[in-house]
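The lines below spell out each chain.
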Amino acid sequence: MVAVEDMMKQMVKGVKSRYGFEETLERLKKKTEEVGWTVIGEYDFREKVGLKFAIIEVCNRDFATRAVSKPENRWVSAMMPCKFSVIEMPDGVYVFGMNMGLFAKMVPGELGELLSEVAEIDEKIISAVL
């Protein structure tokens, strides 16, 4: 039997960046723009937490509109916008985000297909630090 903690960890995807904290943030933001998405929020937690830690929120108007256009799909708004955390760990800088590909497999129909497309975009954005 899979422990709940293990299942939770599967819902979050993490990669080790090849770059330092600042450059990782900049590369993610630049790649977001390159794929036609927008950084709509950036939160710097360094002073509050005492670690190099930030979150960026990214969105695409077309994807967002399609995701919530049908009332029965509007629950997905709780997961919007897409977020990436950048945090310094003892062995380097990591980027964490929701494992949208896995989540998309749990959602049926058009919304699941849309979330699969979002997963592909997420992968492109994260590729900027690999």
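Structure first, text after, so check above.
What counts, and where the lines are drawn
Residues numbered from 1 in each chain as written. Predicted model: local features only at pLDDT ≥ 70, side-chain atom pairs only at ≥ 80, totals over all residues. Heavy atoms only, no water. Helix = DSSP H or I, 4+ residues; strand = E, 2+ residues; numbered from the N terminus. Rg over C-alpha atoms; globule rule 2.2 N^0.38 Å. Buried < 20%, exposed > 50% of the residue type's maximum accessible area, 1.4 Å probe, protein only. Areas by Shrake-Rupley, 256 points an atom, 1.4 Å probe, with all protein chains shown as cover. Lys, Arg positive; Asp, Glu negative; His and termini not counted. Charge placed at Lys NZ, Arg CZ, Asp CG, Glu CD. Axes fitted to C-alpha atoms, helices over the stretch in contact; angles between N-to-C directions. Parallel < 35°, antiparallel > 145°, perpendicular 65-115°, else oblique. Left-handed = near helix turned anticlockwise from the far one by under 90°. Contact = heavy atoms within 4.5 Å. Nonpolar A, V, L, I, M, F, W, Y, C, P; charged D, E, K, R; others polar. Polar contact = N/O pair within 3.5 Å; in protein donor to acceptor, adjacent residues only side chain to side chain. Salt bridge = Lys/Arg side-chain N within 4 Å of Asp/Glu carboxyl O.

Asker: Sorry, what's going on with the overall build of the protein here?
Answerer: From N to C terminus, the protein includes six helices and five strands. Taken from N to C terminus, the helices and strands of the protein fall in the order α-β-α-β-α-β-α-β-β-α-α. For 130 residues, the compact-globule estimate of 2.2 N^0.38 gives 14 Å, and the protein sits close to it at 15 Å. Taking the principal axes of the C-alpha coordinates as reference, the protein spans close to 40 × 40 × 25 Å. Looking at the protein residue by residue over its 130 residues, the buried ones come to 39%. Put simply, the protein shows about 7,900 Å² of open surface, and 57% of that area lies on carbon and sulfur atoms. Looking at charge distribution, the protein has the averaged site of its 18 positive side-chain charges lying 2 Å from that of its 21 negative ones.

Asker: What exactly am I supposed to notice about the packing of helix 4 (residues 61-68) against helix 6 (residues 109-126) here?
Answerer: Packed helix pairs are characterised by how far apart their axes lie and by the angle those axes make with each other. Taken N-terminus to C-terminus, the directions of helix 4 and helix 6 make an angle of 160°; their axes are 10 Å apart at the nearest point. It follows from the interaxial angle that helix 4 and helix 6 lie roughly antiparallel. The way helix 4 lies across helix 6 gives a crossing that is left-handed. Taken together, the residues of helix 6 that come into contact with helix 4 (itself represented by F63, R66 and A67) are L111, L114, E117 and V118. Residues that form the contact of helix 4 with helix 6 fall into these classes: five nonpolar, no polar and two charged.

Asker: Can you walk me through the side chain of K29 in this structure?
Answerer: The topology assignment puts K29 in helix 2 (residues 21-34). Within the structure, the side chain of K29 is placed 3.0 Å from the side chain of E26, a separation counted as a polar contact. Discounting residues that sit within four places of it in the chain, K29 has contacts with V39, E42 and I56.

Asker: What should I look at first to understand the pattern of salt bridges in this one?
Answerer: Side chains that differ in charge, positive against negative, can pair when their charged atoms come close. Scanning the model with the defined rule gives 10 salt bridges in all. Two residues, E110 and K70, come together in a salt bridge whose shortest N-O distance is 3.0 Å. Of this pair, E110 sits in helix 6 while K70 is found in the loop between helix 4 and strand 4 (82-89), placing the two residues 40 residues apart along the sequence. Using a relative accessible area of 31% as the deciding quantity, one classes K70 as partly exposed.

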